[in-house]
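# Summary of structural features
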Amino acid sequence: MLYDSLVHTKDSIQHNTESSRKKILLIGYGNGVGRMLDVWLSLLIEHNIHASLLDIISLKPLDTDMLTMCLRGYTHIFVMSDSYKLNGVGACIMQFAFSELERGNLAQIPKIISFEIEDIFVKHGNTQKIEKQLNIDTESLVSKILKSYF
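Residues numbered from 1 in each chain as written. Predicted model: local features only at pLDDT ≥ 70, side-chain atom pairs only at ≥ 80, totals over all residues. Heavy atoms only, no water.

## Observations concerning the side chain of Ser140
For clarity, the cut-off: Per the convention used, a helix needs a DSSP run of H or I reaching at least four residues, while a strand needs a run of E reaching at least two, with both numbered from the N terminus. A 1.4 Å probe rolled over the protein chains alone gives each residue an accessible area, and that area as a share of the maximum for its type sets the label: buried under 20%, exposed over 50%, partly exposed in between. Residues count as neighbours in contact if any of their non-hydrogen atoms are within 4.5 Å of one another.
Assignment of secondary structure puts Ser140 in helix α6 (residues 138-149). Its relative accessible area of 12% is what places Ser140 among the buried residues. Among all residues touching Ser140, those that are not within four sequence positions of it are Lys132 and Asn135.

Structure, rendered in structure tokens:
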């Protein structure tokens, strides 16, 4: 399901218009959906940055029509899930994007960044501490998005 951000105030309408060239899409899968919502809220409230949200409910079958529309409509796509980066959700989306480019269905590929887990062994324990160590906590993700976006 795709959720476009809502504009509530005159200031945010002006901000949204000025930054219309750069459009952010946050993609969540599994536990990444909750993380995506936290990041979206932080971007909106603390930084006045509007992003759209896409909850990928399943990878099989992949909603190719929706994904193609998103690849055409956004300049920055950030993927959040508890999958590993190698062959994860972000890799699946990137592979699909390159296929669409080869087929001529895309003029260009947006910047796609996966905030999935590197190829390491993850110790068990307190979830918040582990997310902080992996740099996939809300604060770390927002910081990475801001660095990539500006």
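## Thoughts on the layout of surface pockets
Heads up, the rule is: Only protein atoms enter the 1 Å grid used here. Points where a 1.4 Å probe fits but cannot escape make up a cavity, open sets with protein on both sides within 12 Å along at least five of seven lines make up a pocket, and a residue lines them when an atom lies within 4 Å of a point. Grid points are joined across faces, edges and corners, and a volume is the space filled by probe spheres set on the points. For this scheme, ten residues count as nonpolar: Ala, Val, Leu, Ile, Met, Phe, Trp, Tyr, Cys and Pro. Four count as charged, namely Asp, Glu, Lys and Arg, and the remainder, Gly too, count as polar.
Estimated volume of the second largest pocket: approximately 200 Å³. In terms of lining residues, the second largest pocket is bounded by Arg35, Asp82, Ile117, Val122, Lys123, His124, Gly125, Thr127, Ile130, Glu131, Leu134 and Ile136. When residues in the lining of the second largest pocket are grouped by element, the largest group, three residues, is from helix α5 (residues 127-133). Here the residues of the lining of the second largest pocket sort into five nonpolar, three polar and four charged.

## Describing the pairing of strand β4 (residues 76-80)
Side-chain direction in a regular strand flips from residue to residue, so the side chains alternate between the two faces of the sheet. Note the cut-off: Following DSSP output, two strands are said to pair if at least two bridges run between them. Orient the strands so they point away from the viewer; a crossover is then right-handed if the path from the first strand over the helix to the second runs clockwise.
Of all five residues making up β4, five are buried, and the element is well covered by its neighbours. Neither face of β4 is exposed, since His76, Phe78 and Met80 on one face and Ile77 and Val79 on the opposite face are all buried. Pairing analysis gives five bridges linking strand β2 (residues 24-28) to β4, with the strands arranged parallel. What sits directly across from Ile24, in β4, is His76. In this structure, β4 lies alongside strand β5 (residues 111-114), joined through four bridges in parallel fashion. Bridging from a neighbouring strand, Phe78 pairs with Ile113 of β5. Taking the sense of rotation as the criterion, the β-α-β connection linking β4, helix α4 (residues 89-103) and β5 turns out right-handed.

## Describing helix α2 (residues 32-47)
Formally: By this rule, a helix spans an expected 1.5 Å times one less than how many residues it contains.
The end-to-end C-alpha separation of α2 is 21 Å, in line with the 22 Å expected for 16 residues at 1.5 Å each. By the burial criterion, the buried members of α2 are Gly32, Val33, Arg35, Met36, Val39, Ser42, Leu43 and Leu44. On its buried face, α2 sits against β2, β3 (51-55), β4, α5 and α6. The first or second residue beyond α2 is Asn48, which carries a positive phi of 55°.

## Observations concerning the pattern of salt bridges
To be explicit about the condition: Salt bridge, as used here: a side-chain nitrogen of Lys or Arg that lies within 4 Å of a carboxyl oxygen of Asp or Glu.
Under the counting rule described, the total for this entry stands at five salt bridges. In this structure, Lys85 and Glu118 form a salt bridge, with 2.8 Å as the shortest nitrogen-oxygen distance. Of this pair, Lys85 sits in the loop between β4 and α4 while Glu118 sits in the loop between β5 and α5, placing them 33 residues apart in sequence. Accessibility expressed as a relative area gives 31% for Lys85, which makes it partly exposed. Here Glu100 and Arg103 are joined by a salt bridge, their closest N and O atoms 2.6 Å apart. With a gap of three residues between them, Glu100 and Arg103 both fall in helix α4, about one helical turn apart. Given a relative accessible area of 6%, Glu100 falls into the buried group. Arg103 sits in the exposed class, given a relative accessible area of 56%. When salt bridges that share partners are traced, they join Arg35, Asp82 and Glu131 into one network.

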